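# Coordinate analysis (summary)
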Amino acid sequence: MEILDQLSSSQQFVLFSALKVAGVFAVLMFIVAYIVLVERKVAAAIQDRVGPNRAGPFGIWQPLADAVKSFLKEDFTPGHVRKVYYWLAPAAVMIPSLVTVAVIPFGSQLGAQRMVIADLNVGVLYTFGIVSLGVYGLVLAGYAANSKYPFIGGLRSSAQMISYEIAMGLSVVPVFLLVGDLNLSRVIAHQAGGWSHWLVFQQPLAFGIFLAAAFAETNRLPFDLPEAEQELAGGYNVEYSSMKFALFFMGEYANMAAAAAMMVTLFFGGWTLPIWGLDQPASSFLGGVLHIGIFLAKLLALMLVFIWVRWMWPRFRYDQLMHLGWKRLLPLALANIVLTATWLWLRA
Amino acid sequence: METLCFYLFAALAVVCGFLVVANPFSRNPVASAMFLVLTIAALAGLFVLLHAFFLAAVQILVYAGAVMVLFLFVIMLLDLKEEERRSWRKFGLVGGGVAVALIALLMYAALRQSPLGAAGEPRVEGSTAALGELLFRQYLLPFELVGVLLLVGMVGVIWLSKRAVP
């Protein structure tokens, strides 16, 4: 600890920020790797199959085997693709999904360090901004492929993500009307002190719309039209192989983790639990670790919902998707804003 | 550090802005659109350096995330080959030159009005409450007028596009 004391405050800030970034990145990558295995196991259970069980007991080394396979496969670039965009697209899918988690408080504090990488005042706007950039990866992948089915997948994704982004953005406005701040740490502080303080119970409609929009934004069933295998032979990622394909795949799961983390923070009280005084910032090291554990447990529970829904629901038709987004969710979200604002006005 | 970041973002904005309209390597509209996205991102970086975090986030959210995605969507549905073949036209050159001259004049006049170097307190740093107060009290009329202008633009687009369909 003596070495730490010699550093100036800005050097300490850089050091701890780098540590937090590395830690969050490692945990996120671990979650992405193992949620794929969980998804395959859950799918198998739902469909009355066994699932991957060859690599290690219960298939726990399966993610490792998948990673080795992706790296060792030939990275083939078809001759007819647009090279620059073809290389750019996988990165443009992966990076936004990793960067969104920067503003999410994943714990109270360890020692004197607050467990959030960047505690921005406009936290949620930052997240929505970065999420809205995620669509470029899919659009560019569709365009780069320079062939029909990926292109249709790319166009579908851009139309779908624009539509549901609006419903998603409007659905959280009532939440911030109640909290009175865009800072995600304050959102969590607002939810401390009892189960009824959780915003999912105060704003169930907002949560429902946000959940539906999150399925669409992460291209998961029932809204996985950009990669509908039966119609598009796989969608925007048809021409990709090896690690580039794996990046699209990991991007989807990282997006799912980011969306679940966002929902935990906005609606489920973040790292707090309203029992045993766990809704106050931790005073001991062990308490801090416990808070991170609570956050991860909530995160995994929500990701299990994502997986569960995928294997229980059929895919929407494209016109149904647009109808639901523009004619159902959007007016509902607007009505929710007006109702919440009126209620707050009457109460004041 | 801040000065370095300023020059980095400023250079990025200028270079990418130039490549949007006059890209020597490719006449592909998709390339132009992607450089416009980079320009917008660089401008958002400049807003951050000015402590206008809200503006930076909205710049990314609205322009890079929504407007440009729609642009790309439309560009990809158009016939790209025609645009790649199009050459410089006299009228376009003259019109562009006049527009650049007018904007330069406007910027010069604006710079003369408020000399550089006098750093003021940022009025809308982060907090959305302060921004809302300004927009809905002091600048209510211009704010509503901009809203009406956008509505007029939307109605105009619908009217123009409806006429083309028999």
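For every chain, the first residue of the written sequence is number 1, and numbering continues from 1 along that sequence. Chain labels run from A onward and ligand labels from 1 onward, assigned in the order the entries are written. Under the rules for a predicted model, residues below a pLDDT of 70 receive no local features and side-chain atom pairs below 80 are neither given nor counted, while totals for whole chains, interfaces and linings still include all residues. The basis for every side-chain value is the complete set of heavy atoms in the structure, and neither hydrogens nor water enter the calculation.

This part takes up the nonpolar core. Counting residues in each nonpolar core, the largest one holds 84 residues, and the members touching the most others are Leu184, Phe210, Met263, Leu266, Phe267 and Met303 of chain A. In this text, helices come from DSSP runs of H or I with a minimum length of four residues, and strands from runs of E with a minimum of two, each type numbered from the N-terminal end. Ranked by residues supplied to this core, first place goes to helix α13 (residues 242-267) of chain A with 13 residues. Working rule for contacts: check all heavy atoms of both residues, and any pair within 4.5 Å makes them a contact. In this structure, Phe210 of chain A is in contact with Phe128, Met168, Ser171, Val172, Met262, Met263, Leu266 and Phe267 of chain A, ignoring residues within four places of it in sequence. Residue types Ala, Val, Leu, Ile, Met, Phe, Trp, Tyr and Cys, when buried and joined through side-chain atoms within 4.5 Å, form a set referred to as a nonpolar core. Buried means the residue's accessible area, taken with a 1.4 Å probe over protein chains only, is under 20% of the maximum for its type, while exposed means over 50%, and partly exposed covers the values in between. One finds Tyr86 of chain A together with Ala31, Ile40 and Met68 of chain B within the second-largest nonpolar core, a separate group that totals 31 residues.

Looking now at the environment of Leu321 of chain A. All names here are of chain A. The topology assignment puts Leu321 in helix α15 (residues 318-347). Residues Leu321 and Ala216 lie 105 residues apart in sequence; the distance between their C-alpha atoms is 9.0 Å. In this structure, Leu321 is in contact with Gln160, Tyr164, Phe223, Leu225 and Phe316, ignoring residues within four places of it in sequence.

Trans peptide bonds make up the majority, and among non-glycine residues the majority have a negative phi. Residues and elements named next belong to chain A. In this structure, Asp48 is a non-glycine residue whose phi angle is positive, near 60°. On the secondary structure map, Asp48 appears in the loop between α2 (9-46) and α3 (62-72). Here Asn219, not a glycine, exhibits a phi torsion of approximately 55°, which is positive. Judged by relative accessible area, Asn219 falls into the buried class, the value being 6%.

With that settled, consider the interface of chain B and chain A. How big an interface is tends to be expressed through the accessible area that disappears when the partners come together. The partner chain A presents 21 residues to the 24 residues of chain B that form the contact. Computed with a 1.4 Å rolling probe, the buried area is the accessible surface lost when two parts are put together, summed over both parts. For the pairing of chain B and chain A, the buried interface totals around 1900 Å² over both sides, and the portion due to carbon and sulfur atoms is 80%. Per-residue buried area on chain B facing chain A is highest for Leu61, Val69 and Met76 of chain B; these three make up 29% of the total on that side. Put simply, a salt bridge is a Lys or Arg side-chain nitrogen that is within 4 Å of an Asp or Glu carboxyl oxygen. Inspection of the chain B/chain A interface yields zero salt bridges. As used in this structure description, the phrase polar contact means that two N or O atoms lie within 3.5 Å; if the pair is within protein, one of them must be able to donate a hydrogen and the other to accept it, and residues adjacent in sequence are counted only when both atoms belong to side chains. Scanning the region where chain B abuts chain A turns up two residue pairs in polar contact (both at pLDDT 80 or more). In terms of residue count, helix α3 (residues 53-77) of chain B provides more of the side of chain B that touches chain A than any other element does, 16 residues in total.

With that settled, the discussion passes to the side chain of Ser70 of chain A. Residues and elements named next belong to chain A. Assignment of secondary structure puts Ser70 in helix α3. Since its relative accessible area comes to 17%, Ser70 is described here as buried. Look past the residues within four positions of Ser70 in its chain and what remains in contact with it is Ser242, Met243 and Ala246.

Any two side chains of opposite charge can pair, on the condition that their charged atoms come close. All names here are of chain A. Within this structure, the stated rule accounts for six salt bridges over all chains. With a shortest N-O distance of 3.4 Å, Glu39 and Arg310 are connected by a salt bridge. In this pair, Glu39 is assigned in helix α2 and Arg310 in helix α14 (residues 285-312), connecting sequence segments 271 residues apart. The same class applies to Glu39 as to Arg310, namely buried. The shortest N-O distance in the salt bridge between Arg220 and Glu252 comes to 3.1 Å. Taken together, the residues Arg220 in the loop between α11 (204-217) and α12 (229-232) and Glu252 in helix α13 connect sequence positions 32 residues apart. Overall, the relative accessible area of 1% leaves Arg220 in the buried class. A network of salt bridges, in which partner residues are shared, links Glu39, Arg220, Glu252 and Arg310.

On to the layout of surface pockets, then. In this analysis, the protein atoms alone were mapped onto a 1 Å grid. Cavities are point sets where a 1.4 Å probe fits without being able to get out; pockets are open sets with protein on both sides within 12 Å along at least five of seven lines; lining residues have an atom within 4 Å of a point. Grid points are joined across faces, edges and corners, and a volume is the space filled by probe spheres set on the points. Estimates place the volume of the largest pocket at around 1600 Å³. Considering the residues around the largest pocket, the lining is formed by 41 residues, among which Leu125 and Val173 of chain A together with Phe54, Val58 and Leu61 of chain B are closest to the centre. Where the lining of the largest pocket is concerned, the elements lending two or more residues are α5 (123-133), α7 (148-171), α8 (173-179) and α15 of chain A together with α3, α6 (128-138) and α7 (140-164) of chain B. Top contributing element to the lining of the largest pocket by residue count: α6 of chain B, with seven residues. Of the residues in the lining of the largest pocket, the class split is 30 nonpolar, eight polar and three charged. Side-chain classes follow a simple rule in which Ala, Val, Leu, Ile, Met, Phe, Trp, Tyr, Cys and Pro form the nonpolar group, Asp, Glu, Lys and Arg form the charged group, and the remainder, Gly included, forms the polar group.

Two joining distances apply to patches: 9 Å for like charges and 5 Å for nonpolar side chains (Val, Leu, Ile, Met, Phe, Trp, Tyr), and every residue must have over 30% relative accessible area and no salt bridge. Accessible surface area values rest on a Shrake-Rupley calculation with a 1.4 Å probe, where residue burial reflects the displayed protein chains alone. Residues Ile46, Trp308, Met312 and Trp313 of chain A make up a contiguous nonpolar surface patch of about 450 Å² in total accessible area. Secondary-structure assignment places Ile46 of chain A in helix α2.

Inspection of the entire model under this criterion finds one cavity of 30 Å³ or more. For the largest cavity, the calculated volume is near 300 Å³. Split by residue class, the lining of the largest cavity holds 14 nonpolar, seven polar and three charged.

Bringing the packing of aromatic side chains into the picture now. All names here are of chain A. Each Phe, Tyr or Trp ring, with Trp reduced to its six-membered ring, pairs with another whose centre is within 6.5 Å; inter-plane angles below 30 degrees give stacked pairs, above 60 give edge-to-face pairs, and intermediate values give tilted ones. Per the stated rule, a full pass over the model turns up 17 aromatic pairs over all chains. Summarising the aromatic geometry, the rings of Tyr164 and Phe223 are spaced 5.3 Å apart at their centres and angled 40° between planes, so their arrangement reads as tilted. With Tyr164 in helix α7 and Phe223 in the loop between α11 and α12, this pair connects stretches of sequence that are 59 residues apart. One aromatic cluster is present, formed by Trp195, Trp198, Phe201, Phe207, Phe210, Phe267 and Phe268 through successive ring pairs.

Residue and element names in this part refer to chain B. Two cysteine sulfurs form what is called a disulfide whenever their separation falls within 2.5 Å. The tally for this structure, following the rule as stated, stands at zero disulfides over all chains. A disulfide-free cysteine, Cys5 has its sulfur positioned 16 Å from the sulfur of Cys16, the nearest such atom. A relative accessible area of 22% places Cys5 in the partly exposed class.

Here we come to the packing of helix α2 (residues 29-49) of chain B against α3 of chain B. Residues and elements named next belong to chain B. At their nearest, the axes of α2 and α3 sit 8 Å apart, and the two run at 175° to each other. Relative to α3, α2 is oriented roughly antiparallel. Counting all contacts with α2, which are made through Pro29, Val30, Ala33, Met34, Leu36, Val37, Ile40, Ala41, Leu43, Ala44, Phe47 and Val48, the residues of α3 involved are Phe53, Leu55, Ala56, Gln59, Ile60, Tyr63, Ala64, Met68, Leu72 and Ile75. Across the contact of α2 with α3, the residue classes tally to 21 nonpolar, one polar and no charged. For every element, the axis is a line fit to its C-alpha atoms; helices are fit only across the contacting stretch, and the angle between N-to-C directions ranges from 0 to 180 degrees. Angle categories: roughly parallel below 35 degrees, roughly antiparallel above 145, roughly perpendicular from 65 to 115, and oblique for all the rest.

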